[in-house]
Amino acid sequence: MQSQNLLYEGKGKRLYKIDNTDTLLSVFKDDLTAFNAQKKSSEKGKGSLNCQISSQIFKILESKNIKTHFIQTLNDNTMLCKKVQIIPIEVVVRNIATGSLIKRLGIAESLIIKDTPLRQPLVEFYYKDDALGDPIITDSHCLMMNLITSEEIKILKTIALQVNEILQEYFDRAGLNLIDFKLEFGRDKDNTIILADEISPDSCRLWDKVTHKKMDKDIFRQNLGSVTSAYKEVLERLNNL
Ligand code: TMP
Ligand code: ASP
């Protein structure tokens, strides 16, 4: 990869431009960060596992008519994607109350869906700004800051809930509960809003359906062991469907 073509380096990926095209290369890194990069590490092979898991998920979503930036997987850790203007909103969908939700609201953690106080999936918006620590925001903040229109707020929520239904069913077949996840959206060259970034165990919580074993980045956040062995198992389960 030519370094002069580097467009952007994030915590989990490097994006490279491809001259005279509307596409870019997304190269997944082995770096692990948590708590707004206050905790850092790296595990060899993590990037490649996330790239492969993300590719599988984008393919499933495309097959169900969800528009994404995914074009094709070029090698183990490189994805060819449509170039988009990222909307600076992290959209989180929650099926079970855990993580920052229970800390913010002072509610108990649930292990299974029937115990969760969430009567229906919860959609939240966070302002994507590392310097501010990605604060939670309301629809009104989105409008006030001109991030999106009220029509687009409805579109983001609708797509997020559709993705939730599709992925809950998909992971369920792999023996995993989709607890919660984060999505990012972008505008393509026609100004259409499409799904972007990645969907992987770095951006989802996945628990084994039977044992409730964590198989996502909480392993790193909570010092529970190696993420790559868990991510490898997630990929194997998806490949075996
Ligand atoms: P939270 O409970 O910490 O707010 O996380 C909710 C979901 O969003 C969880 O699946 C992990 C994911 N997430 C990210 O992908 N990036 C982030 O920066 C954070 C804080 C959470
Ligand atoms: N992705 C965020 C970070 O590195 C936070 C997290 O996933 O916990 O800093």
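Computed from a prediction, not measured in an experiment: that's the story for all the values here.

Visitor: For this particular structure, what's the right way to read the UniProt feature "domain: SAICAR synthetase/ADE2 N-terminal" (unreviewed entry) in the protein chain?
Guide: Here, the residues flagged by UniProt with the feature "domain: SAICAR synthetase/ADE2 N-terminal" (unreviewed entry) are residues 6–237. For the annotated span residues 6–237, helix accounts for 30% and strand for 31% of the residues, and the straight-line distance between the end C-alpha atoms is 34 Å.

Visitor: I tried to follow the nonpolar core on my own but got confused; where do I start?
Guide: The biggest cluster of nonpolar side chains holds 53 residues, and the ones touching the most others in it are Leu 61, Val 163, Leu 167, Leu 183, Phe 185, Leu 195 and Ile 199. For this core, the element with the most residues is helix H4 (residues 150–173), which contributes nine residues.

Visitor: Would you explain the site of ligand 2 in this entry?
Guide: Close contacts around ligand 2 come from Lys 11, Thr 33, Ala 34, Phe 35, Asn 36, Ala 37, Lys 217 and Arg 221, and that covers them all. One nitrogen or oxygen atom from the side chain of Thr 33 is found 2.4 Å from an oxygen atom belonging to ligand 2. Interatomic distance of 2.7 Å between a backbone N/O atom of Ala 37 and an oxygen atom of ligand 2. Taken by itself ligand 2 offers 260 Å² of open surface, and the protein chains cover 74% of this. Classifying every residue of the shell around ligand 2 gives three nonpolar, two polar and three charged.

Visitor: Please explain helix H6 (residues 227–239) as it appears in this structure.
Guide: Within an α-helix, residues lying three or four positions from one another point in the same direction, as the helix has 3.6 residues per turn. For H6, with 13 residues, the first-to-last C-alpha span of 18 Å sits near the 18 Å given by 1.5 Å per residue. Looking at H6, one finds that the buried residues are Val 227, Thr 228, Ala 230, Tyr 231, Val 234, Leu 235, Arg 237 and Leu 238.

Visitor: Would you take a moment to explain the side chain of Asp 202 for this structure?
Guide: Considering the arrangement of structural elements, one finds Asp 202 in the loop between strand E13 (193–196) and strand E14 (204–208). Owing to a relative accessible area of 12%, Asp 202 belongs among the buried residues under this scheme. At 2.7 Å, the side chain of Asp 202 forms a polar contact with the side chain of Lys 46. At a separation of 2.7 Å, a polar atom in the side chain of Asp 202 contacts the side chain of Tyr 231. Residue contacts for Asp 202: discarding those within four places in its chain leaves Leu 32, Lys 46, Asn 50, Lys 217, Arg 221 and Tyr 231.

Visitor: In this structure, what is going on with the pairing of strand E3 (residues 23–28)? I would like to understand it.
Guide: Side chains on a regular strand alternate between the two faces of the sheet. Counted residue by residue, E3 has six buried out of six residues, so it is predominantly covered. Alternating residues of E3 divide into Thr 23, Leu 25 and Val 27 and Leu 24, Ser 26 and Phe 28, and every residue in both groups is buried. As paired elements, strand E2 (residues 13–17) and E3 share five bridges and run antiparallel to each other. What sits directly across from Arg 14, in E3, is Val 27. Here E2 folds back onto E3, and the loop between the two strands holds five residues, one of which, Asn 20, carries a positive phi near 60 degrees. Across five bridges, the pairing between E3 and strand E7 (residues 78–82) is antiparallel. Each residue of the ladder has a partner; that of Thr 23, found in E7, is Lys 82.

Visitor: When you look at helix H1 (residues 46–63) in this model, what are you seeing that I'm missing?
Guide: For H1, built from 18 residues, the straight-helix expectation of 26 Å at 1.5 Å per residue is met to within 8% by its first-to-last C-alpha distance of 26 Å. Of all 18 residues in H1, 13 are buried; the element is thus mostly enclosed. Of the residues trailing H1, Asn 65 is marked for its positive phi of about 70 degrees.

The rules behind the values
- Residues numbered from 1 in each chain as written.
- Chains lettered and ligands numbered in written order.
- Predicted model: local features only at pLDDT ≥ 70, side-chain atom pairs only at ≥ 80, totals over all residues.
- Heavy atoms only, no water.
- UniProt positions renumbered as here; feature names shortened; annotations may be inferred.
- Helix = DSSP H or I, 4+ residues; strand = E, 2+ residues; numbered from the N terminus.
- Core = buried A, V, L, I, M, F, W, Y, C linked by side-chain atoms within 4.5 Å.
- Buried < 20%, exposed > 50% of the residue type's maximum accessible area, 1.4 Å probe, protein only.
- Near = heavy atom within 4 Å.
- Polar contact = N/O pair within 3.5 Å; in protein donor to acceptor, adjacent residues only side chain to side chain.
- Areas by Shrake-Rupley, 256 points an atom, 1.4 Å probe, with all protein chains shown as cover.
- Nonpolar A, V, L, I, M, F, W, Y, C, P; charged D, E, K, R; others polar.
- Expected span 1.5 Å × (residues − 1).
- Contact = heavy atoms within 4.5 Å.
- Pairing = 2+ DSSP bridges.

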